[in-house]
Every structure is written in structure tokens, then in C-alpha cells.
Amino acid sequence: MKCACMALARTAVTLAFGVALASVRPASGGTISMQVTCRVDGTNLVVEIVNAGDEAAQNIVGRVDFNGTIVETPPLQSLPPSEPRGVPVGLSLAGLRGLYPVIVVVNFEDLNGYPFSTVSVLQVTAEDAQPSDLLGVLSETSIRGKTPMAFRIRNDHADAITARYHLVAPRELLAGPATGEVSVPGSGTATVPLTVENFSALPNSRYGLHAVLEYDAEGRHYTTVASTTVTVLQPRASGSRFFLVAILIVAAAIAGSFLFKRPSASVPNQMV
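On a predicted model such as this, the values are computed, not experimentally measured, just so you know.

Moving on, we get to the overall build of the protein. Secondary structure summary: the protein contains two helices and 18 strands in total. Per-residue burial for the protein yields a buried fraction of 41% across its 272 residues. Sequence-distant contacts, at least 24 apart, represent 65% of the contacts inside the protein between residues at least 6 apart. When the accessible area of the protein is evaluated, it comes to approximately 14600 Å², of which 56% is carbon and sulfur surface.

Structure (C-alpha cells):
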């Protein structure tokens, strides 16, 4: 069976797409920075996970989604910093032609049991794979609440291409529209408006976000992956300050009403 992450000349590009990042700072003050890459060993795709932070992760479980088949890896009880773990996953490429995405989701916890996740999109070649004519770009962004993001796509082919896209986001983020279809004119560009929202991520954490484009042409499957880093910022304090000021104003108004409505002292009748 023929299986490779990419042809040798494109290895650096594929590994760049294949690096997933979830850099989080748990309550204990340390940092967990999970990175995921892939390599090929015979007919197996070996998913390698390394914690590049300075605090151990625990209860690590990986899930690999390839061409509609989902495989879960055996759980790891602990992953100390700088100790890579490789998990072989068998992928069947029988009857496939072209370039296909592999989505890897890694769920883990910090030492306090707080859950985190990281996502990665790798690319695997089947028979007669060719590079895609579509190029996608997601710009790096920082978010507070719901933040707009543009997914820009360029078509290097002379003919228009209609592709399906879907977003691959960690559980801590909400990104949408999650799926859709986009038509890119020949030798032209298109933009898909997206939004990213913090659901449960801790402030100052960083996550990988990916947009996957897929289309078929002449019996061959094509894949394009656009990846970026999302930094979660501290929530703005303006809302809480406004609430505090409003309370102070109301309290002052109530106090003032009591001062101006004090009853006047009665004057006793004088004897003549």
C-alpha cells in the first residue's frame, strides 16, 4: 500500500500544516503546549504528540478522522514535557486517488483536571496525488467574545472551481459557519466571512484553527488546508466598571432623596 504524508519535495509544507498548537496556562501557573506532527511507517500513519510546555498533561486521548473513518488512540495517563509519544494508526488508501485530509483531535487535562483540546489537519497522499489549485489563508487573530475573521481563497487555475470547506476548531472555540460551499472564479479570488468566539478557553491561551477545502476533478481528490493561531484575550473590564458606576449613581440618588425629604421640626405654641 502506498502511503506518504507528501512527496519528499513537499515534506516541509506538510509538516507545517501538520503542527497543531494548544498553548494553555493552567491554574497552577505552568504551561502546557501540545504539538502534533505525523510521519509514515510502512502502512501506518504515526501520530506523534509532544508537550512543549513546562507542566505535565494527563488523560490524553487522540481521535483520528480520515475519509469518514474515526479511530481513537489508547489513552495516555500522563505526558510530561519534552517526552514525545508516537501512536501508529492504520489508514486504508485502497481505491483512493489524490490528496486527502486527516483530522487529529487530542483531548487532555491539566493537573487540576481542567479539560483542553488541540486539533491538527494533516495531509496524506493516495495514488497519483497532485497539488491543489486553491490556496487558502486565515490570518492570525486575537479574540474577545465573537470576532470576525476572513477566509481568503485564491484560484490558480484558469477555470472556476467549486469546493467544499469545513472548519476544524478545538472544543474551547466556536467557529462558523462550520461547513459550506464556495465557488472561486478562474484566476480569481473569493472570501468567506467567518466568526470565532471563545466558548471555554482560558485568557492568554493560544489555539490552532484550520479551514479545509476539498474538491474533485478528473477522478482525483484535492485538498487545501489553511491554518492560523487564535489568541484568547482577557475580557474587557469596561462592562463591569460601567455596572459599578451605575450602582454608585443609584446609591447616591437614593441617599440624596432622603436628605432632601427630611421632615421639618415642629414649633411649639407660645404662651402669652
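Right, picking up where we left off after that structure.
Moving on, we come to empty space enclosed by the protein. Taken as a whole, this structure holds one cavity of 30 Å³ or more when the rule is applied. If you add up the space inside the largest cavity, you get close to 30 Å³. Taken together, I49, I60, G62, T73, P74, L76 and V87 form the lining of the largest cavity. A breakdown of the residues in the lining of the largest cavity according to their chemical character gives five nonpolar, two polar and no charged.

This brings us to the nonpolar core. Within the largest apolar cluster, 52 residues are counted, with the highest numbers of intra-cluster contacts made by M34, V102 and F151. Once you skip the residues sitting within four places of it in the chain, V102 turns out to touch L45, V64, D65, F66, L91, S120, V121, L122 and V124.

Across nine bridges, the pairing between strand β12 (residues 146-155) and strand β16 (residues 189-198) is antiparallel. Its bridge partner being in β16, T147 is matched across the sheet by V196.

What follows concerns unusual backbone geometry. Residue P177 follows G176 across a cis peptide bond; omega there is 0°. Notably, N67 is not glycine yet its phi reads approximately 55°, a positive angle. Its location among the elements puts N67 in the loop between β4 (57-66) and β5 (69-72). With a relative accessible area of 48%, N67 lands in the partly exposed category. Residue S82 is not a glycine yet carries a positive backbone phi of 60°. Along the polypeptide, S82 turns up in the loop between β6 (76-79) and β7 (85-90). Taking relative accessible area as the criterion, S82 reaches 58% and is therefore assigned exposed.

Attention now goes to the environment of L167. The residue L167 is located in strand β13 (residues 161-168) in this model. It is 7.5 Å that separates the C-alpha atoms of L167 and L209, two residues lying 42 residues apart in sequence. Those residues in contact with L167 that lie beyond four places of it in its chain are A175, G176, P177, A178, L194, H210 and A211.

This next bit is on the sheet that holds strand β14 (residues 173-176). Strand pairing in a sheet relies on backbone hydrogen bonds, with the paired strands running either antiparallel or parallel. Spatial strand order, β10-β12-β16-β14: four strands in an open sheet with antiparallel pairing. In the strand order of this sheet, the two ends are held by β10 (134-138) and β14, each with one partner. For this sheet, the mean inter-axis angle between neighbouring strands, taken without regard to orientation, is 25°.

One can find L174 in strand β14. The exposure class of L174 is partly exposed, given its relative accessible area of 41%. With 29 residues separating them along the chain, L174 and G145 place their C-alpha atoms 10.0 Å apart. Those residues in contact with L174, other than ones at most four positions away along the chain, are T195, V196, E197 and F199.

Reading guide: rules and limits
- Residues numbered from 1 in each chain as written.
- Predicted model: local features only at pLDDT ≥ 70, side-chain atom pairs only at ≥ 80, totals over all residues.
- Heavy atoms only, no water.
- Helix = DSSP H or I, 4+ residues; strand = E, 2+ residues; numbered from the N terminus.
- Buried < 20%, exposed > 50% of the residue type's maximum accessible area, 1.4 Å probe, protein only.
- Contact = heavy atoms within 4.5 Å.
- Areas by Shrake-Rupley, 256 points an atom, 1.4 Å probe, with all protein chains shown as cover.
- 1 Å grid on protein atoms, 1.4 Å probe; cavity = no way out; pocket = protein on both sides within 12 Å on 5 of 7 lines; lining within 4 Å.
- Points joined across faces, edges and corners; volume = space filled by probe spheres on them.
- Nonpolar A, V, L, I, M, F, W, Y, C, P; charged D, E, K, R; others polar.
- Core = buried A, V, L, I, M, F, W, Y, C linked by side-chain atoms within 4.5 Å.
- Pairing = 2+ DSSP bridges.
- Axes fitted to C-alpha atoms, helices over the stretch in contact; angles between N-to-C directions.

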